[in-house]
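Chain by chain, the residues:
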Amino acid sequence: MKTLKIATWNINSVRLRINLVEDLLAAEKPDVLCLQEIKCVNDAFPLKAIQKAGYPHVAINGQKGYHGVAIASRIPFKSTSSREFCGKGDARHLAVDLDLPGGMTVHNFYVPAGGDEPDPEINEKFAHKLSFMREMADWFGGLKKKSQNRMILVGDLNVAPLEHDVWSHKQLLKIVSHTPVEVDLMNEVIASHDWVDVMRRFVPPEEKLYSWWSYRAKDWRAADRGRRLDHIWVTPALADMPRSMQVLKEARGWERASDHVPVVASLAL
């Protein structure tokens, strides 16, 4: 059985951590790697290192010093595209159409973090985050009419929607990434195209599941105060295809690690 192995990772500066990306590619050998927060313009992306690692097909939507997303693939692209959300000029989305039988589109997102204060009236960053997700829901809702859409959505969505996606549901209800307004909007995005949460297909909702651990903890492993901010979703047309999923928690302990870890899933083709 042929499979598609896809990985998503907020790398928190691809140039600073290109050696970690190379290590991941060598160890996991995904067919497609989606990176977020690459923090560089397109011309500064370490393209040669990625291609040398065996990934000749690379799409980049970069931005100087902030944000930015990229997709590296063993599989050729039929086309690439990006969408600007909220008129901010931020590089937060990238899509590729993979050259596979039946076609398949991969959407790579970096949703705004939203700052520290969960009040859109006084925190523009939080208002931006809410607007961004509303626009996502509207856009994918418009695409839903094409019932055979074969799409995968991955990335740092900066929302931990379920009770056990955070270390303490009660203590984080007023903390950005787990507030009710964000969770409600995330659910609207999910409902907009009946997205399937691949990670929770393999780890039941009543079990803790994290992909991010703060730099602020002196010992992140001992504290284990994580959140699931990184996601892999598929459309109903691909709902029966997921075969495995893994959160590479050990990557959080790598030297000069990102505060996010890679999430890897395999789908039957």
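Residues numbered from 1 in each chain as written. Predicted model: local features only at pLDDT ≥ 70, side-chain atom pairs only at ≥ 80, totals over all residues. Heavy atoms only, no water.

A. Representation of the overall build of the chain. When helices and strands are tallied, the chain shows six helices and 14 strands. The globule rule puts the C-alpha radius of gyration for 269 residues at 18 Å, and the 17 Å found for the chain is close to it. For the chain, the C-alpha atoms occupy an extent of roughly 45 × 45 × 35 Å along the three principal directions. Evaluated residue by residue, the chain yields a buried proportion of 55% over its 269 residues. At a minimum sequence separation of 6, the contacts of the chain that also span at least 24 residues come to 68%. Accessible area for the chain stands at about 12100 Å²; split by element, carbon and sulfur atoms hold 48% of it. Side-chain charges in the chain split into 36 positive and 34 negative, and the spacing between the mean points of these groups amounts to 3 Å. (Helix = DSSP H or I, 4+ residues; strand = E, 2+ residues; numbered from the N terminus. Rg over C-alpha atoms; globule rule 2.2 N^0.38 Å. Buried < 20%, exposed > 50% of the residue type's maximum accessible area, 1.4 Å probe, protein only. Contact = heavy atoms within 4.5 Å. Areas by Shrake-Rupley, 256 points an atom, 1.4 Å probe, with all protein chains shown as cover. Lys, Arg positive; Asp, Glu negative; His and termini not counted. Charge placed at Lys NZ, Arg CZ, Asp CG, Glu CD.)

B. Spotlight on the confidence of the model for the chain. Predicted confidence across the chain gives a mean pLDDT of 97, with 99% of residues reaching 70 or more. At the level of individual helices and strands, the chain shows its lowest average pLDDT in helix α6 (residues 220–223), which scores 95, and its highest in strand β2 (residues 32–36), which scores 99. (pLDDT = per-residue confidence, 0-100.)

C. Layout of the sheet that holds β2. One open sheet accounts for six strands, arranged β3-β4-β2-β1-β14-β13; its pairing is mixed. Only two strands of the sheet have a single partner each, and these edge strands are β3 (57–61) and β13 (242–247). With strand direction ignored, the average angle separating the axes of adjacent strands in the sheet is 10°. Contacts from helix α1 (residues 18–28) reach β1 (3–10), β2 and β13 within the one sheet, and its direction differs from that of β1 by about 160°. (Pairing = 2+ DSSP bridges. Axes fitted to C-alpha atoms, helices over the stretch in contact; angles between N-to-C directions.)

D. Layout of the packing of helix α3 (residues 124–143) against helix α4 (residues 180–192). It is at 7 Å that the axes of α3 and α4 come closest, and there the two elements cross at 15°. As the angle between them shows, α3 and α4 are arranged roughly parallel. The two elements α3 and α4 meet at a crossing, and its hand is left-handed. Two secondary-structure elements touch here, α3 through F126, K129, L130, M133, R134, M136, A137, F140 and G141 and α4 through V181, E182, L185, M186, E188, V189 and S192. (Parallel < 35°, antiparallel > 145°, perpendicular 65-115°, else oblique. Left-handed = near helix turned anticlockwise from the far one by under 90°.)

E. Region of interest: the sheet that holds strand β5 (residues 77–81). Ordered in space as β5-β6-β7-β8-β12-β9, the six strands form an open sheet in which the pairing is mixed. The sheet terminates laterally at β5 and β9 (196–197), the two strands that pair on one side only. Both strand β6 (residues 93–98) and strand β7 (residues 104–110) contribute to a ladder of six bridges, which runs antiparallel. Directly across from L98, in β7, lies its bridge partner M104. Of the strands in this sheet, β6, β7 and β8 (151–156) touch α3, which is tilted by about 170° from β7.

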